[in-house]
Amino acid sequence: MSNVDRILDEARTHLKRLEPQELHQLEDALIVDIRPAHNRLAEGEIENSVVVERIVLEWRLDPTGDWRLPGFTADTTVVVVCNEGYSSSLAARDLQRIGLPNATDLVGGYRGWRAAGLPIREGGSQAVV
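## Observations regarding the overall build of the chain
Within the chain one finds 6 helices and 6 strands. Helices (α) and strands (β) of the chain occur, in sequence order from the N terminus, as α-α-β-α-β-β-α-β-α-β-α-β. Relative to the 2.2 N^0.38 estimate, which gives 14 Å for 129 residues, the radius of gyration of the chain is 14 Å and therefore close to what a compact globule would have. With the C-alpha coordinates aligned to their principal axes, the bounding extent of the chain is approximately 40 × 30 × 25 Å. Put simply, the chain has 129 residues, and 43% of those count as buried. Look at the contacts in the chain between residues 6 or more apart in sequence, and 72% of them connect residues 24 or more apart. Across the chain, the centroid of the 14 positively charged side chains sits 4 Å from that of the 20 negatively charged ones.

See the structure below:
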């Protein structure tokens, strides 16, 4: 097992990862898309998601930070989405560390969502920077 596989396994032990249908049924989750712009433009985005560049993710989602996004609290379920559900697990772990205990990610990532036939929108939304 590689080092990154060990780190990923450890991160996931603390996450209650959601399947696409489970996320689709949640009404009060903040869905955060961390995928690169070229992927979002080519493949689309999950409806009602917010695009946040990975490089500023912790600053925009620190529930006590001056640079946080409006409309969420430390108790909000935050679901991080990447392409296939790998880097999102590490990002969700980091969000838990900064005070979002309900942070998690999407099993299969955006591509799993799309394969499940769930609603998407045309990609290319401006990222929060």
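That was the structure; now back to the text.
## Examining the nonpolar core
Grouped together as the largest cluster of nonpolar side chains are 18 residues, with contacts concentrated most on V32, I34, L57, L61, V78, L95 and L100. Mapped by element, the contributors of at least two residues to this core are β1 (30–33), α4 (57–61), β4 (78–81) and α5 (87–97). When neighbours within four sequence positions are excluded, L61 is seen to be in contact with L30, V32, L69, F72, V78, L95, I98 and L100. If you look at the next biggest cluster of nonpolar residues, it comprises 10 residues, including L23, V81, W113 and L118.

## Some thoughts on the packing of aromatic side chains
Here the structure, examined in full by the defined rule, presents 0 aromatic pairs. A cation over an aromatic ring shows up here: R35 above the ring of Y110, its NZ or CZ 4.0 Å from the ring centre.

## Let's talk about the sheet that holds β1
Strand order in the open sheet formed by 4 strands is β3-β1-β4-β5, and the pairing between neighbours is parallel. Looking at strand neighbours, the two that pair on one side only are β3 (50–51) and β5 (104–105), the edges of this open sheet. Bridging between β4 and β5 involves 2 bridges; their strand directions are parallel. By the bridge assignment, V79 is partnered in β5 with T104. Running at roughly 150 degrees to β4, α5 makes contact with β4 and β5 of the sheet.

## What about the pattern of salt bridges?
Taken as a whole and judged by the stated rule, the model has 11 salt bridges. R40 is paired through a salt bridge with E45; the nearest N and O atoms lie 3.1 Å apart. Both residues of the pair, R40 and E45, belong to the buried class. Residues R111 and E43 are paired through a salt bridge, measuring 2.7 Å at the closest nitrogen-oxygen approach. Taken together, the positions of R111 in helix α6 (residues 109–115) and E43 in helix α3 (residues 37–43) put the pair 68 residues apart, joining distant regions of the chain. We classify R111 as partly exposed; its relative accessible area is 29%. Taken together, the salt bridges that share partners define one network made up of R54, E58, R93, D94 and R97.

Cut-offs and rules
Residues numbered from 1 in each chain as written. Predicted model: local features only at pLDDT ≥ 70, side-chain atom pairs only at ≥ 80, totals over all residues. Heavy atoms only, no water. Helix = DSSP H or I, 4+ residues; strand = E, 2+ residues; numbered from the N terminus. Rg over C-alpha atoms; globule rule 2.2 N^0.38 Å. Buried < 20%, exposed > 50% of the residue type's maximum accessible area, 1.4 Å probe, protein only. Contact = heavy atoms within 4.5 Å. Lys, Arg positive; Asp, Glu negative; His and termini not counted. Charge placed at Lys NZ, Arg CZ, Asp CG, Glu CD. Core = buried A, V, L, I, M, F, W, Y, C linked by side-chain atoms within 4.5 Å. Phe/Tyr/Trp six-rings, centres within 6.5 Å; stacked < 30°, edge-to-face > 60°. Lys NZ or Arg CZ within 6 Å of the ring centre and 35° of its normal. Pairing = 2+ DSSP bridges. Axes fitted to C-alpha atoms, helices over the stretch in contact; angles between N-to-C directions. Salt bridge = Lys/Arg side-chain N within 4 Å of Asp/Glu carboxyl O.

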